[in-house]
Amino acid sequence: MRTVLNLPEQVRSLSRFPIPVAIATSLAVLLNLQVAHIIRMSDTLESQMIFACSAAFLASFAAHLWALNRNLATVWNLGTALAAAGAAAAIQYLHGDLYGQSLIALFGVALAAMCTAHLRRAATIESFWRFNLQLGIALGMALVALLIVCGGLSLLLASLTFLFDFTVGNSHAHIWTTGAVLFAPLFALSMVPVEFDQPFALSRNPDLIEKSVSTVLNFALVPLILVYSVVLHVYAFKIAIVRSMPKGEIGWLVLAFGAIGTASYMVAYPWRDAGYRPVRWFMRSWFWLMILPTVLLMLAVWQRIGEYGVTPERYCLVLFALWLAAMVAYLGSTRGRMDLRVIPASLAIGLVLSSFGPWGSAATSVRSQLAQLQRVLDKAKLLSDGRLKLDPPRVATFKYLVWSNGRVASILKSLYDLGALERLAPIFSSVTDSPFAKHQPPALQLAALGLTKWGEAIESPVSVPPPAPPEPIGISVDTGAYNRLIGPFWITRSGLIGCDFGCRSSANLEIGGTSLALSGDLVTAGRNNDALSFDLATVFDRKSQEREPKAQAAQTLTLNAREGRNRALMMIVLPPTPMDNPPLRFESWILLKSAPLANK
């Protein structure tokens, strides 16, 4: 009964945010129609719709807060919210399949919603802190309500099905779709405080929430952050002493440390003078403590970018490092007096701006990866006037490079993830069967170049049926001390190949009348009593390679047969690639001191 009596108040609360309510309702209707198979959207279009509507929801909510705080007329309130929603939806929709970019933009708009209600001189930091505490509680309660309502309804339907053989069809999907897209957002909006300027002050008789936050800050969160800060500074001094560059993984450690520490700084603001000594010291020193970790972050990212180019992840690390440096400069200019609103506002601006445009993370990463690819191809002398110079000029020749050079494969995978494979079309214009000539889907283009969409090497493209393979080439002749030479053939993890280009791999192969078979790490030549085998564990296993004598590029490894000393020898020719990027296939020959190992 109490819920029913409070319903009009909740409806009036929702009426303050008409544009977000309309967006959530529209998206819920569309997705339920999709679940009911009344309309059909591709997975890509559905994802774009969800991201666009999510960004429009948050942007219009932030615009409503800004307008309500200034008591703007209804027309201006609605117009501002509509404009913000349209801009956010357009940015998200233009991202296409770049979901990482969409998540960055969403996070930036969410941070903007934290501060738009207090972007005026008269607003106090205490009221800003209290308002965001209430927003956090509203979000948490919406999630709890979602689990209770949708979980309860799903349990009820499952019980009806079990007890009475009740057919529910797609009811569970409808329940959770409606709950996540409509019920939970509207529940959170109904709990947004009406009064934006209620200051927060510590109480002599704190309630449960205040006690909980104070206990976690004073006895767990802040002490752990300070200890970890000591660890990072000790690591920095170690680097200075041994004069070695920091490891690449240090960037993500510093990012996580900085994000958690900054969030803790904002949460601990009311206890800046009343908390225990570690909390008070933390509030005075946090951003100064981040100077040395920020230097470590920049060194690590700079090293990775110099070696492998810019990626969206490294772009975000650089953006975070620049933001930390800006915060330190801001503190220095204000003599340590931090306005909490600067933290979410500056992050929101940086994240939203980095999510689109030629300066954004995607466009910058594409340019960098293309430059990296050109550098690798130039070094291998495979470019002429910006076009591939292959012999023969077919994509199979380039696939061999992809198989044998992990750097090229990594660049292609990065360009695929960034939706920029088509940018390679001018480079492949000299290739007779270029996968970019017919404007195929990106996954098929990547497969034609020898990679799956997960970046794994494949033996043949999946876009068209593979052509009939030519007969395996090879020789089997007397060689003096040894009486039989078998080869060449190529060994991969997935099988044996009988010719340099165009042949399929298989577990069994016949070269010059001699049968060959690959099983696990063993290559067997011949059959029955005349069979000989060679163990390739030292070739396939990188750790095993490191225990063997170091084999440099363009050398030949030799392996003795397991059956009898000096009875047979396998020669494996290493392609000219560095050992930190081991080749994916090996040219091989076999020398025998026995009768021909022909099929029995």
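Tallying secondary structure elements over the protein gives 19 helices and 12 strands in all. By residue count, 42% of the 600 residues in the protein fall in the buried class. Sequence separation of at least 24 residues holds for 66% of the intrachain contacts in the protein that already meet a minimum separation of 6. On the protein, roughly 31,400 Å² of surface is accessible, and the fraction owed to carbon and sulfur atoms is 63%.

One recurring pattern in soluble globular proteins: nonpolar side chains tend to sit buried together. With 39 residues, the main nonpolar core has Tyr265, Phe282, Trp286, Phe287, Met338, Leu340 and Ile343 as its most contacted residues. Every residue in contact with Phe287, bar those within four places of it in the chain, is listed here: Thr262, Tyr265, Trp323, Leu324, Met327, Val328, Leu331, Met338 and Ile343. Counting residues in hydrophobic clusters, the runner-up holds 31 residues, among them Leu383, Ala409, Leu415 and Leu446.

Let's shift gears to the pattern of salt bridges. All told, the structure shown has 5 salt bridges when counted by the stated rule. As a salt-bridge pair, Arg120 and Asp197 come within 2.4 Å of each other at their nearest N and O atoms. Separated by 77 residues along the polypeptide, Arg120 in the loop between α5 (99-115) and α6 (125-164) and Asp197 in the loop between α7 (171-190) and α8 (208-242) bring together distant segments of the chain. Residue Arg120 is classed as partly exposed on the basis of its relative accessible area of 22%. A salt bridge links Arg272 to Glu126, with the shortest nitrogen-to-oxygen separation between them at 3.6 Å. Pair noted here: Arg272 is in the loop between α9 (250-267) and α10 (277-289) and Glu126 is in helix α6, with a separation of 146 residues, a long-range link.

It is worth spelling out helix α4 (residues 74-94) at this point. One turn of an α-helix holds 3.6 residues; hence residues three or four places apart share an orientation. Taking 1.5 Å of rise per residue, the 21 residues of α4 would be expected to cover 30 Å, and the 30 Å separating its terminal C-alpha atoms lies within 8% of that figure. Among the residues of α4, those classed as buried are Asn77, Ala81, Ala85, Ala88 and Gln92. Seen from one end, α4 has its buried residues packed into an arc of 70 degrees, which puts them on one side. Opposite the packed face of α4, turned more than 90 degrees from it, sit the exposed residues Val75, Trp76, Leu82, Ala83 and Leu94. Lining the buried residues of α4 we find α2 (18-35), α3 (43-69) and α5. Residue Gly96 follows α4 closely and has a positive phi angle near 65 degrees.

Now for the packing of aromatic side chains. Using the criterion set out here, one finds 18 aromatic pairs in the structure. Taking 5.4 Å as the distance between ring centres and 70 degrees as the angle between the ring planes, the aromatic pair formed by Tyr265 and Phe287 counts as edge-to-face. Here Phe287 lies in helix α10 and Tyr265 lies in helix α9, a separation of 22 residues in the sequence. Comparing Tyr265 with Phe287 shows no difference in burial state: the two are buried.

Orientation of helix α14 (residues 361-379) relative to helix α16 (residues 406-417), taken along the N-to-C sense of each, is 155 degrees, at an axis distance of 10 Å. Compared by their axis directions, α14 and α16 come out roughly antiparallel. Note that α14 runs across α16; the crossing there is left-handed. In this structure, α14 contributes Val366, Gln369, Leu370, Gln372, Leu373 and Val376 to the contact, and α16 contributes Arg407, Val408, Ile411, Ser414 and Leu415. For the contact of α14 with α16, the per-class residue count stands at 7 nonpolar, 3 polar and 1 charged.

Interaxial distance between α2 and α3 falls to 8 Å at its minimum, and their mutual angle equals 165 degrees. By the angle between their directions, the pair α2 and α3 is classed as roughly antiparallel. Crossing handedness for the pair α2 and α3: left-handed. Of the residues in α3, those touching α2 at Pro18, Ile19, Pro20, Ile23, Ala24, Leu27, Leu30, Leu31 and Gln34 are Glu46, Met49, Ile50, Cys53, Ala56, Phe57, Ser60, Phe61 and His64. Counted by class, the contact of α2 with α3 contains 14 nonpolar, 3 polar and 1 charged residues.

Further remarks concern the confidence of the model for the protein. When pLDDT is averaged across the protein, the result is 83; 87% of the residues are at 70 or more. At the low end of the mean pLDDT range in the protein sits helix α19 (residues 542-547), at 45; at the high end sits α2, at 94. For residues 460-471, every residue scores under 50 in pLDDT, and the model assigns this stretch 18 contacts once sequence neighbours within four places are set aside. For residues 543-553, every residue scores under 50 in pLDDT, and the model assigns this stretch 14 contacts once sequence neighbours within four places are set aside.

The 4 strands lie next to each other as β6-β7-β8-β9, forming an open sheet whose pairing is antiparallel. A strand with exactly one partner marks an edge of an open sheet, and here the two such strands are β6 (508-511) and β9 (532-535). Going across the sheet, the axis of each strand differs from the next one's by a mean of 20 degrees, ignoring polarity. Bridge count between strand β8 (residues 522-525) and β9: 4 bridges; the pairing is antiparallel.

Glancing now at a nonpolar patch on the surface. Nonpolar side chains collect at one region of the surface, where Val144, Ile148, Val149, Leu153 and Leu156 lie side by side and expose about 420 Å² of accessible area between them. Within the fold, Leu153 resides in helix α6.

Attention shifts here to the pairing of strand β12 (residues 585-592). Two faces, one strand: in a regular strand the side chains alternate between the faces of the sheet. Where burial is concerned, most of β12 is hidden: 7 out of the 8 residues are buried. Examined bridge by bridge, strand β4 (residues 482-492) and β12 share 7 bridges and lie antiparallel to one another. Bridge pairing in β12 places Thr492 opposite Arg585. Strand direction decides the pairing type here: strand β11 (residues 568-573) and β12, joined by 6 bridges, are antiparallel. Following the sheet pairing, Val573 is matched in β12 by Glu587.

Cut-off values and rules
- Residues numbered from 1 in each chain as written.
- Predicted model: local features only at pLDDT ≥ 70, side-chain atom pairs only at ≥ 80, totals over all residues.
- Heavy atoms only, no water.
- Helix = DSSP H or I, 4+ residues; strand = E, 2+ residues; numbered from the N terminus.
- Buried < 20%, exposed > 50% of the residue type's maximum accessible area, 1.4 Å probe, protein only.
- Contact = heavy atoms within 4.5 Å.
- Areas by Shrake-Rupley, 256 points an atom, 1.4 Å probe, with all protein chains shown as cover.
- Core = buried A, V, L, I, M, F, W, Y, C linked by side-chain atoms within 4.5 Å.
- Salt bridge = Lys/Arg side-chain N within 4 Å of Asp/Glu carboxyl O.
- Expected span 1.5 Å × (residues − 1).
- Arc of directions from axis to C-beta.
- Phe/Tyr/Trp six-rings, centres within 6.5 Å; stacked < 30°, edge-to-face > 60°.
- Axes fitted to C-alpha atoms, helices over the stretch in contact; angles between N-to-C directions.
- Parallel < 35°, antiparallel > 145°, perpendicular 65-115°, else oblique.
- Left-handed = near helix turned anticlockwise from the far one by under 90°.
- Nonpolar A, V, L, I, M, F, W, Y, C, P; charged D, E, K, R; others polar.
- pLDDT = per-residue confidence, 0-100.
- Pairing = 2+ DSSP bridges.
- Patch = residues over 30% accessible without salt bridge, like charges linked within 9 Å, V, L, I, M, F, W, Y side chains within 5 Å.

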